[in-house]
Amino acid sequence: MRVPVVICCFLIALSSLPSHAQDMVWEPISVIQVPRMDLVSLDNQGFIFVVDLEGNLYQYQAGTPSWINNFSPPRQARVSTLEAFWTVNIFTFSVDLQEYRILDRFINPIAENRIPEQLISLAKVATLGNNNIIWILDESDLSLKQLDYRRNRIIQHQPLNLILGESALFVTDMREYGNLLFVNIEDEGIFIFDNQGNYIRKHDTIIEQKLSFWKNNLVFTEGEQLILMDFQTGQRSSYLLPKEVKNMSVMMGPRHLVCYGNNQLRIYDIQQSLGITEE
């Protein structure tokens, strides 16, 4: 029986597509147990930072089973934001305490303070930005504000309810990356602003974990796949994840993919497992 020409062409085209599943070696560099793990962040040197449910901060290194440095805040409370990707500083923010803290690379505090009540009534989400500013979502008036934390004054104020119109504005995460501000709104997608808070565009992609980036890509999971989505073009690359990391969140650093959840870190070499390099 002759196979129709259309089917033949389809099979030939399908066989020529690149398969990310080929030659992938999902052998973790290390598996680290972290009791009461809550948030995770990576720096650009390959260190992994974790806060537990009480707000204690721990520093780990790939291949080392226990923490190499830690910090316990004087007032313990759950941390809402943990960011270690900045070259110099680590940033934490607690909604419960309405406090932020900036630490050096050795996790020594260098700035810590309450959110100024006279400027911001209720900080729901906060993230560190360039030039001594903190981006804050003020839930009391649904506005996006830039706080200059050294001079303790607001330098930008954008009413999101006017900019985004029909949005429910249930913001789950924010992060500045590449002079852009990314705002994750539940069940709506990723909204992108410039470094002055001006709205640029939206990606409809639903991300249910903390924002993570690698080069020009947002990094997240969908089902059993790791997704790298170019936030400029929307183009995607996908990689089938091993069953051991099902329901885990992901972050990518210069050399490592870190899967985290269930009080566990699973660390993989991205070149060995994904076939991609930093360059």
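Residues numbered from 1 in each chain as written. Predicted model: local features only at pLDDT ≥ 70, side-chain atom pairs only at ≥ 80, totals over all residues. Heavy atoms only, no water.

Novice: Would you mind showing me how to read the overall build of the protein here?
Specialist: Helix and strand counts for the protein stand at three helices and 24 strands. Overall, the protein is about 80 × 45 × 30 Å in size when its C-alpha atoms are taken along their principal axes. Out of the 279 residues in the protein, the part that is buried amounts to 50%. Sequence-distant contacts, at least 24 apart, represent 42% of the contacts inside the protein between residues at least 6 apart. Summing over all exposed atoms, the protein offers an accessible surface of approximately 14000 Å²; the carbon and sulfur share of this is 49%. Measuring between centres, the 22 positive side-chain charges of the protein sit 1 Å from its 32 negative side-chain charges. (Helix = DSSP H or I, 4+ residues; strand = E, 2+ residues; numbered from the N terminus. Buried < 20%, exposed > 50% of the residue type's maximum accessible area, 1.4 Å probe, protein only. Contact = heavy atoms within 4.5 Å. Areas by Shrake-Rupley, 256 points an atom, 1.4 Å probe, with all protein chains shown as cover. Lys, Arg positive; Asp, Glu negative; His and termini not counted. Charge placed at Lys NZ, Arg CZ, Asp CG, Glu CD.)

Novice: So what exactly am I meant to see when it comes to the environment of Asn 152 here?
Specialist: Along the chain, Asn 152 turns up in the loop between β12 (143-148) and β13 (153-159). Note: C-alpha distance between Asn 152 and Leu 119 (33 residues apart in sequence) is 8.8 Å.

Novice: It is not clear to me how the sheet that holds strand β14 (residues 171-177) should be interpreted in this structure. Could you clarify?
Specialist: Strand pairing within a sheet occurs via backbone hydrogen bonds; the two strands may be parallel or antiparallel. Reading across the sheet, the four strands line up as β14-β15-β16-β17 and stay open at both edges, with antiparallel pairing between neighbours. Strands at the two margins of the open sheet, each flanked by one partner only, are β14 and β17 (199-203). Ignoring which end each strand starts from, the neighbouring axes of this sheet average 20 degrees apart. In this structure, strand β15 (residues 180-185) lies alongside strand β16 (residues 189-194), joined through six bridges in antiparallel fashion. (Pairing = 2+ DSSP bridges. Axes fitted to C-alpha atoms, helices over the stretch in contact; angles between N-to-C directions.)

Novice: Looking at this structure, I do not really get the sheet that holds strand β9 (residues 109-114). What am I missing?
Specialist: Strand order in the open sheet formed by four strands is β6-β7-β8-β9, and the pairing between neighbours is antiparallel. For this open sheet the edge positions go to β6 (81-83) and β9, each flanked by a neighbour on one side alone. The average undirected angle you get between the axes of adjacent strands in this sheet is 10 degrees.

Novice: For this particular structure, what's the right way to read the pairing of strand β24 (residues 264-269)?
Specialist: Looking along a regular strand, one sees side chains alternate from face to face of the sheet. Where burial is concerned, most of β24 is hidden: five out of the six residues are buried. Here strand β1 (residues 30-33) runs beside β24; their pairing, made up of four bridges, is antiparallel. Directly across from Val 31, in β24, lies its bridge partner Arg 266. Between strand β23 (residues 256-261) and β24, which follow one another and run antiparallel, lie two residues, and Asn 262 among them has a positive phi close to 55 degrees.

Novice: Explain the pairing of strand β8 (residues 99-103) here, please?
Specialist: Taking burial as the measure, the five residues of β8 include five buried ones, the bulk of the element. By the alternation rule, side chains of β8 split into Glu 99, Arg 101 and Leu 103 and Tyr 100 and Ile 102, which are all buried. For strand β7 (residues 90-94) and β8, the ladder comprises five bridges, and the chain directions are antiparallel. Paired with Thr 92 across the two strands is Arg 101, which belongs to β8. Pairing geometry for β8 and β9, over five bridges, is antiparallel. Each bridged residue has a counterpart across the sheet, and for Glu 99 the counterpart in β9 is Arg 114. In sequence, β8 turns back onto β9 through a hairpin of five residues, with Ile 107 there showing a positive phi of about 50 degrees.

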